[in-house]
Amino acid sequence: MTAPRPYLGSPQETIAVLNQYKFVFQKKFGQNFLIDPHVLDKIIRAAEITKEDYVVEIGPGIGTMTQHLAAAARGVAAIEIDKALIPILEDTLSGYDNVTIIHDDVMKVDLEALTQKRNEGRPVKVVANLPYYITTPIIMGLLEKHVPVQSITVMVQKEVADRMQVGPGTKDYGALSLAVQYYASPYIVANVPANCFLPRPKVGSAVIRLTTHESPPVKVKDEKLMFAIIRASFNQRRKTLQNGISHAAELGISKEQTVKVLEEMGLSPSIRGEAMTLAQFAEFTNRVLK
Ligand code: SAM
């Protein structure tokens, strides 16, 4: 272990490292590196990392945020897909003996096994400036597969952050909002303009923190069925719940059954999914199963 390198989070330091290694940005990997120390600081503070914590970072890039995470946490596993970044990370993180660099596609990593190996199965904190092309599958994968996670503090597109935290009756409300809110409490930490990244993304960004619930806010007998119903009702966004469900033959729920359950619940038979709360989707599912 050598002495830690100076923190990288400035345009000058980042450009110096990129030039030293003749790094070429790969568009397909959603590479927009953070070059603003204030934003870095906000993410680290929002994640509330202590020396007790084990952190999983998805897409460390050249290691800008990883340095701060390593300084604050007991340990960090940083998963990076781009082979060209691995020697850079080995260099920029050489001053930290608590970082494990994993060269892999995060979608192929068994995160449950990773937390078992690195943190004896105790919940980890996930922190990342996510690659935007796979934001939703990464977050949904962490939540739906019940990876032991205490919180997820991530940079995402502004529009996706909005979708995660809104409630019924708004245009952004959908399957992602319901899934995120079933597993966690979302909180938007900061909006981040494009000039905080190199290269600049075309969309606005936001840092969101999802703090996972110890137990879900609603009781549902079959989680999988509830999310299948939710997906079916939002696949047909302008349609009523009964039409959305009847289009999803695999659910095996007839129109008559949908109408009967909605009536039992005191809801209009022509209600749309976008007007229903998480509690109502849970109740609908439980009544269908009766
Ligand atoms: N954390 C760095 C920062 O803030 O400067 C880089 C963030 S950049 C938005 C996203 C990073 O995720 C890139 O380093 C990219 O190569 C990496 N990445 C993209 N797809 C990935 C995948 N499937 N698995 C792991 N890393 C991935």
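Quick notes on the rules
- Numbering of residues starts from 1 in every chain and runs along the sequence as written.
- pLDDT decides what is reported in this predicted model: residues at 70 or higher carry local features, side-chain atom pairs at 80 or more are listed and counted, and totals for whole chains, interfaces and linings draw on all residues regardless.
- Just so you know, side-chain values use all the structure's heavy atoms and leave hydrogens and water out.
- Ring pairs are drawn from Phe, Tyr and Trp, using the six-membered ring of Trp, whenever the two centres fall within 6.5 Å, and their geometry is named by plane angle: stacked under 30 degrees, edge-to-face over 60, tilted for the rest.
- Numbered from the N terminus, helices here are DSSP runs of H or I no shorter than four residues, and strands are runs of E no shorter than two.
- The rule is simple: take the accessible area with a 1.4 Å probe, protein chains only, and divide by the maximum for that residue type; under 20% is buried, over 50% is exposed, in between is partly exposed.
- Residues grouped as a nonpolar core are buried Ala, Val, Leu, Ile, Met, Phe, Trp, Tyr and Cys residues, joined through side-chain atoms within 4.5 Å.
- Here a residue-residue contact requires only that any non-hydrogen atoms of the pair lie within 4.5 Å.
- Here the arc refers to the set of directions running from the helix axis out to each C-beta atom.
- In the analysis that follows, any N or O atom pair within 3.5 Å is treated as a polar contact, provided that within protein one partner can donate a hydrogen and the other can accept it, and provided that, for residues neighboring in sequence, both atoms belong to side chains.
- Whenever a carboxyl oxygen of Asp or Glu lies within 4 Å of a side-chain nitrogen of Lys or Arg, that contact is scored as a salt bridge.
- Helix axes use the C-alpha atoms of the stretch in contact, all axes being lines fitted to C-alpha atoms, and the angles between their N-to-C directions lie in the range 0 to 180 degrees.
- Under this scheme an angle from 65 to 115 degrees is roughly perpendicular, one under 35 degrees roughly parallel, and one over 145 degrees roughly antiparallel; angles in between are oblique.
- Helix crossings fall into two classes, left-handed where the near helix is turned counterclockwise from the far one by less than a right angle and right-handed where it is turned clockwise.
- Any residue outside Ala, Val, Leu, Ile, Met, Phe, Trp, Tyr, Cys, Pro, Asp, Glu, Lys and Arg is labelled polar, Gly included; the first ten of those are nonpolar and the last four are charged.
- We call a residue near a molecule or strand as soon as one heavy atom of that residue lies within 4 Å of the molecule or strand.
- Each accessible area value is a Shrake-Rupley result obtained with a 1.4 Å probe; residue values ignore everything except the protein chains displayed when judging cover.

## Topic: the packing of aromatic side chains
In total, this model carries eight aromatic pairs according to the counting rule given. Pairing Tyr173 with Phe234 gives two aromatic rings, centres 5.9 Å apart and planes at 80 degrees, and the pair type is edge-to-face. Of this pair, Tyr173 sits in the loop between helix H7 (158–165) and helix H8 (175–183) while Phe234 is found in helix H9 (residues 223–235), placing the two residues 61 residues apart along the sequence. The residues Tyr173 and Phe234 share a single accessibility class, namely buried. Taken together, the ring pairs in this structure connect Phe23, Phe25 and Phe33 into an aromatic cluster.

## Points about the nonpolar core
Residues Leu111, Ile139, Met164, Met226, Phe281 and Phe284 are the most contacted members of the largest nonpolar core, which totals 65 residues. Broken down by element, this core gets its largest block of residues, seven residues, from H9. If we ignore the near neighbours within four places in the chain, the residues touching Phe281 are Leu178, Met226, Ile229, Ile230, Ser233, Phe234, Leu241, Gly273 and Met276. One finds Ile43, Ile44, Ala70 and Tyr96 within the second-largest nonpolar core, a separate group that totals 25 residues.

## Comments concerning helix H2 (residues 37–47)
Buried within H2 are the following residues: Val39, Leu40, Ile43, Ile44, Ala46 and Ala47. Down the axis, H2 shows its buried residues gathered within 165 degrees of arc, on one side only. More than 90 degrees from the buried face of H2, the exposed residues found are His38 and Arg45. Residues of H2 that are buried sit in contact with strand S1 (33–34), helix H3 (64–72), strand S5 (124–129), strand S6 (149–157), strand S7 (184–192) and strand S9 (205–212). Its side-chain oxygen at 2.8 Å from the backbone nitrogen of His38, Asp36 defines the N-terminal cap of H2.

## Quick word on the pattern of salt bridges
Applying the stated criterion across every chain, the model contains 11 salt bridges. A salt bridge links Arg209 to Glu48; its shortest N-O distance comes to 3.0 Å. Placement of the pair is Arg209 in strand S9 and Glu48 in the loop between H2 and strand S2 (54–58), with a sequence separation of 161 residues. When its relative accessible area of 12% is taken as the criterion, Arg209 is described as buried. Lys158 is paired through a salt bridge with Asp162; the nearest N and O atoms lie 2.9 Å apart. One end of the pair is Lys158 and the other is Asp162, both in helix H7 and four residues apart, which spans about a single turn. The class of Lys158 is partly exposed, set by a relative accessible area of 27%. Each of Lys260, Glu264, Glu283 and Arg287 takes part in one network of salt bridges that share partners.

## Some thoughts on the packing of H7 against H8
Running from N to C, H7 and H8 point in directions that differ by 60 degrees, and their axes come no closer than 6 Å. By the angle between their directions, the pair H7 and H8 is classed as oblique. You can see that H7 and H8 cross each other, and the crossing is right-handed. For the pair H7 and H8, contact is made by Val160, Arg163, Met164 and Gln165 and by Leu176, Ser177, Val180 and Gln181, respectively. Taken together, the residues of the contact of H7 with H8 sort by class into four nonpolar, three polar and one charged.

## Some points on the site of the ligand
Around the ligand lies a shell of 23 residues, among which Leu34, Gly59, Glu80, Asp105 and Tyr133 are the nearest. For the ligand, a nitrogen atom lies 2.8 Å from a polar atom in the backbone of Gly59. A distance of 2.9 Å separates a nitrogen atom of the ligand from a polar atom in the side chain of Asp105. The fraction of the free accessible surface of the ligand (590 Å²) that becomes covered by protein chains is 99%. For the shell around the ligand, the secondary-structure elements that each account for two or more residues are S1 and strand S3 (75–80).

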